[in-house]
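Reading the structure
Residues per chain, in single letters:
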There are 2 protein chains.
Amino acid sequence: MSIRIGIFGYGNLGRGVESAIAQNSDMELVAVFTRRDPDTVKLRTAGVAVVSADKVVEMADKIDVMIICGGSATDLPVQTPALAKSFNVVDSFDTHAKIPQHFENVDKAASEGGHIAMISVGWDPGMFSLNRLFGNAILPDGKDYTFWGKGVSQGHSDAIRRIEGVADGKQYTIPVEAALEAVRSGADPELSVREKHIRECFVVAKEGADKARIEKEIKEMPNYFADYDTTVHFITAEELKRDHSGIPHGGFVIRSGKTGFDLEHKHIIEYRLKLDSNPEFTSSVLVAYARAAYRMSREGMRGCKTVFDVPPAYLSPKTGAELRKELL
Amino acid sequence: MSIRIGIFGYGNLGRGVESAIAQNSDMELVAVFTRRDPDTVKLRTAGVAVVSADKVVEMADKIDVMIICGGSATDLPVQTPALAKSFNVVDSFDTHAKIPQHFENVDKAASEGGHIAMISVGWDPGMFSLNRLFGNAILPDGKDYTFWGKGVSQGHSDAIRRIEGVADGKQYTIPVEAALEAVRSGADPELSVREKHIRECFVVAKEGADKARIEKEIKEMPNYFADYDTTVHFITAEELKRDHSGIPHGGFVIRSGKTGFDLEHKHIIEYRLKLDSNPEFTSSVLVAYARAAYRMSREGMRGCKTVFDVPPAYLSPKTGAELRKELL
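Each chain has its residues counted from 1, running along the sequence as written. Chain letters start at A and ligand numbers start at 1, both assigned in the order the entries are written. This being a predicted model, a pLDDT of at least 70 is required before a residue's local features are given, and a value of 80 or more before pairs of side-chain atoms are given or counted; all residues contribute to the totals for chains, interfaces and linings. Heavy atoms throughout the structure, all of them, feed into the side-chain values; hydrogens and water do not.

1. Quick word on the overall build of chain A
Condition: Only DSSP runs of H or I with at least four residues qualify as helices, and only runs of E with at least two residues qualify as strands; both kinds are numbered from the N terminus onward. Relative accessibility decides the category of a residue: with a 1.4 Å probe and only protein chains considered, values under 20% of the type maximum give buried, values over 50% give exposed, and everything between is partly exposed. Two residues form a contact once any of their heavy atoms are found within 4.5 Å. In short, Shrake-Rupley with a 1.4 Å probe defines the accessible areas, and a residue's cover is counted only from the protein chains shown.
Helix and strand counts for chain A stand at 11 helices and 14 strands. With the C-alpha coordinates aligned to their principal axes, the bounding extent of chain A is approximately 65 × 60 × 35 Å. Within chain A, the fraction of its 328 residues that count as buried is 56%. Restricting to contacts in chain A with at least 6 residues of sequence separation, those with at least 24 account for 68%. Accessible area for chain A stands at about 13600 Å²; split by element, carbon and sulfur atoms hold 48% of it.

Here it is, written out as structure tokens:
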């Protein structure tokens, strides 16, 4: 018996979930739900229904876990509580500051509905969070460092594109190698925002636009760029398409800690991701946690959960005995 | 109310647990159990009882979790099942091939006794195992790589010391940097034993011993050294003590995987440990899992568990709400 999965929202993340399901033989994609006209949505997987989002509740007994692939700004705060009333759900809510509020809302809905709702699944929040937790639990005397990149920041790319005279653009967040090395050395440096990351922008200017002004506006933009060393490259639309159409990302979570009666021994725990496709990796994490949500629901658990609440064995299709033999 | 911890066995690992407990304010060391004459054992922590191992059962109602600090070869296969009848226990059993059998024995004893027994806790098995599991669950199409070092291998150091004419010696296992780089690049190399690690030996020869013969015997020793590029340095006892008395270790777990409908995107997940003190880090992991064992026991769970079965939140002294706010 396969785990029957629904996808709610069919953008980059939804397509990533679709392809990840194809890599997991214990799962089956049952339907994709969209707010668009279903006739206009072409899936990659043969024989899967595209259903209007309005009709989602009608499918409640056909889907074991719904993976919600909306955005964190406006979609998920509404969609996750609404769907958790009728489905086990997984989302990738990633507005860190609003997680406690989202948890409360979703927990209420999921508990009332008798479902499991797994929120903030992905890599940050998600795998990075897990590594922060493990690092803090194992090395209570220590410091946390998180670096992002090298990767495309959607928010910063959008900010560039809103500048007058910009036709298109892409921004890479890049960790400063010297800062990483200082952390790995155990020196426990205090790092400013500027010392941790640099920002590199590839910009296509509209014809006749004032490039010097665009560059200045980017570099002085508060919050987004002003606190960083930022470089701006003007390129053609063709170059942008050829060299910068991927969505790579990644980063580092490092715990630097001390043990011993006199704290005389240093330890470094480093977790690193290097991802060709940010949405496909996030989707792959979502699908593994959908398996866990299914199992936890079958065991009678209810309410909102995060990656912190999931026994790792629940993520794998293997049995406990197989895991102990092969991976422990 | 602190979690009341007992330590069974007071070698490097037991002392590491003692110092780790001092770093965790929700825990209290109640007693250390030893097979030696208790009067000969001096603890670092004031006011803690040293008790003969014979009398351990008498302390059953005074200890919430017993951390068993014996060796995997002969101690733990006997001690863990025996103690799991009367205590919640945690051990660091690390003979990978014998884990399934150990699990069965311990599960029977712990289930009968109504306790939680957490086995094979540490970094490998332990944190490395978790990272293998996460990597496999997230990226089902992929390859696993585990590298150890740079660090002291106790077994290989012992093997050197058994050679005639050797007064003392220490062996470092060192990952081959080029192999690591090839794996990180996503090339998915097939690596021979020799290509993954080199072995570096520091040997103190007895007076008049034939160094050429010792070096030859080391380099040709089957299983231990013959399959590796091994270097042998002869040094004085003073140099060994000055430069090689630490017990550093560490290593890398890397999952290299692909996603996308045509498996067109590569992802690298890398987990790295760099440890000044192998036993103190292992002890720190044991103590975090003792907290989890305590909580799982309080919730009524029973039987043998591994790191795969523990919801990560159970490792931290923080509440769920604190973890979501601070670390998610």
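2. Notes on the pattern of salt bridges
This is how the line gets drawn: Salt bridges, as used here, are contacts in which a Lys or Arg side-chain nitrogen is within 4 Å of a carboxyl oxygen on Asp or Glu.
On inspection of all chains with the given rule, the structure shows 40 salt bridges over all chains. Here Asp75(B) and Arg35(B) are joined by a salt bridge, their closest N and O atoms 3.3 Å apart. Within this pair, whereas Asp75(B) is found in the loop between strand S4 (65–68) and helix H2 (76–84), its partner Arg35(B) is found in the loop between strand S2 (27–34) and strand S3 (49–52), the two being separated by 40 residues in sequence. Among the charged side chains, a network of salt bridges with common partners joins Glu177(A), Glu181(A), Arg184(A) and Glu270(A).

3. A look at the relation of the copies chain B and chain A
What counts is decided by this rule: Overlaid copies result from least-squares superposition on C-alpha atoms, with residues included only where pLDDT is at least 70 in both.
When chain B is fitted to chain A, the best match, at an RMSD of 0.0 Å, comes from turning it 180° and sliding it 0.0 Å along the axis. Such a turn and shift between the copies fits a two-fold axis. When the interface residues of chain B are mapped onto chain A, 100% of them again fall at the interface, so both copies present the same face.

4. Some details on the environment of Val204(B)
In this fold, Val204(B) is placed in strand S10 (residues 197–205). Separated by 47 residues in the primary sequence, Val204(B) and Ser157(B) have C-alpha atoms spaced 12 Å apart.

5. Here we look at the packing of aromatic side chains
One pair of aromatic rings is described through two measures. These are the centre distance and the angle between the planes. For clarity, the threshold we go by: Aromatic rings from Phe, Tyr and Trp, taking only the six-membered ring of Trp, are treated as a pair when their centres fall within 6.5 Å; an angle between ring planes under 30 degrees marks them as stacked, one over 60 as edge-to-face, and anything in between as tilted.
Summed over the entire model, instances satisfying the criterion amount to 8 aromatic pairs over all chains. Relative to Phe128(A), the ring of Trp123(A) has its centre 5.2 Å away and its plane inclined at 75°; by these criteria the two rings are edge-to-face. Each member of the pair, Trp123(A) as well as Phe128(A), is classed as buried. When the ring of Phe128(B) is compared with that of Tyr271(B), the centres are 6.1 Å apart and the planes differ by 80°; the resulting orientation is edge-to-face. With Phe128(B) in helix H4 (residues 127–138) and Tyr271(B) in strand S13 (residues 265–275), this residue pair connects regions lying 143 residues apart in the sequence. For Phe128(B), a relative accessible area of 0% translates into the label buried. A relative accessible area of 2% means that Tyr271(B) is categorised as buried. Within the aromatic cluster, the residues linked to one another by ring pairs are Trp123(A), Phe128(A) and Tyr271(A).

6. Section: the nonpolar core
Cut-off, in case you're wondering: We call a set of buried residues a nonpolar core when its members are Ala, Val, Leu, Ile, Met, Phe, Trp, Tyr or Cys and they connect through side-chain atoms within 4.5 Å of each other.
Membership of the largest hydrophobic core comes to 160 residues, with the highest contact counts inside it found for Met66(A), Tyr289(A), Met66(B) and Tyr289(B). If we ignore the near neighbours within four places in the chain, the residues touching Met66(A) are Gly6(A), Ile7(A), Phe8(A), Phe33(A), Val56(A), Leu83(A), Phe87(A), Asn88(A), Val89(A) and Val90(A). Core analysis: the next-biggest nonpolar cluster, separate from the first, contains 12 residues, Ile163(B), Val166(B), Val203(B) and Met221(B) among them.

7. A short note on the interface of chain B and chain A
Applied cut-off: Simply put, the buried area is the total loss of 1.4 Å probe accessible area from both parts when two parts are fitted together. Polar contacts, as counted here, are pairs of nitrogen or oxygen atoms within 3.5 Å of one another; within protein the pair requires one atom able to donate a hydrogen and one able to accept it, and residues that are adjacent in sequence qualify only if both atoms are side-chain atoms. Any residue outside Ala, Val, Leu, Ile, Met, Phe, Trp, Tyr, Cys, Pro, Asp, Glu, Lys and Arg is labelled polar, Gly included; the first ten of those are nonpolar and the last four are charged. Two strands form a pair only when DSSP identifies at least two bridges running between them.
Between chain B and chain A, the contact holds 71 residues from the first and 71 residues from the second. Note on chain B versus chain A: buried area summed over both sides is about 6100 Å², and carbon and sulfur give 65% of it. Broken down residue by residue, the surface that chain B buries against chain A is led by Phe261(B), Arg324(B) and Leu328(B), which jointly contribute 14%. Linking chain B with chain A are 0 salt bridges, by the criterion used here. Seen at the junction of chain B and chain A, the total is 28 residue pairs in polar contact (both at pLDDT 80 or more). Residue assignment for the side of chain B that touches chain A shows that the elements contributing at least two residues are helix H1 (12–22), helix H3 (99–113), H4, strand S12 (249–259), S13, helix H10 (278–298) and helix H11 (320–326) of chain B. The residue makeup of the side of chain B that touches chain A, split by class, is 33 nonpolar, 18 polar and 20 charged. Alignment of strand S13 (residues 265–275) of chain A against S13(B), held across 9 bridges, turns out to be antiparallel. Residue Glu270(A) lies in a different strand from S13(B), and its bridge partner there is Arg272(B).

8. Re the side chain of Ser52(B)
Position of Ser52(B) among the secondary structure elements: in strand S3. Setting aside its immediate chain neighbours within four residues, Ser52(B) contacts Phe33(B), Thr34(B) and Pro38(B).

All quantities given are derived from atomic positions and should not be read as evidence of function.
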